[in-house]
Amino acid sequence: MKYNNTKIKVTDQNITSLVYQNNDNVYYLIDDTLYRYNLKYGEVKLMKYGEWNINYKNLIFINN
C-alpha cells in the first residue's frame, strides 16, 4: 500500500490476490479469507469462504 508515496507493509502472509484498493483501504485474499487493511484499524479479517481456495477471480465486489 502507498500512502503519500510511502510504502507500508500490510501483512507478513503471502497474498493470493489483491481485490480492491481505494483511498486508505486495501482488500486482499489470503487463501480462502478476505482481509481489509487501513491505517486506522490495521489488518482486519472480514470473511472466510472455502471456494476462494480454488476459484477467486472476478467473484468479489467491494461496494463503497
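With respect to the helices, strands and loops of the structure, Asp32 is situated in the loop between β4 (25-30) and β5 (33-38). For the buried residue Asp32, which engages in no salt bridge, the nearest side chain bearing the opposite charge is Lys48, 4.1 Å off. The contacts of Asp32, once residues within four sequence positions are left out, are Met47, Lys48, Tyr49, Gly50, Trp52 and Asn53.

Attention now goes to unusual backbone geometry. A positive phi angle, near 40°, is found at Asn23, a position not held by glycine. With respect to the helices, strands and loops of the structure, Asn23 is situated in the loop between β3 (17-22) and β4. Phi is positive for Asp31, which is not a glycine, with a value near 55°. Residue placement: Asp31 occurs in the loop between β4 and β5. Relative accessible area serves as the criterion here: at 47%, Asp31 is assigned to the partly exposed category.

Calculation criteria
- Residues numbered from 1 in each chain as written.
- Predicted model: local features only at pLDDT ≥ 70, side-chain atom pairs only at ≥ 80, totals over all residues.
- Heavy atoms only, no water.
- Helix = DSSP H or I, 4+ residues; strand = E, 2+ residues; numbered from the N terminus.
- Buried < 20%, exposed > 50% of the residue type's maximum accessible area, 1.4 Å probe, protein only.
- Lys, Arg positive; Asp, Glu negative; His and termini not counted.
- Salt bridge = Lys/Arg side-chain N within 4 Å of Asp/Glu carboxyl O.
- Contact = heavy atoms within 4.5 Å.

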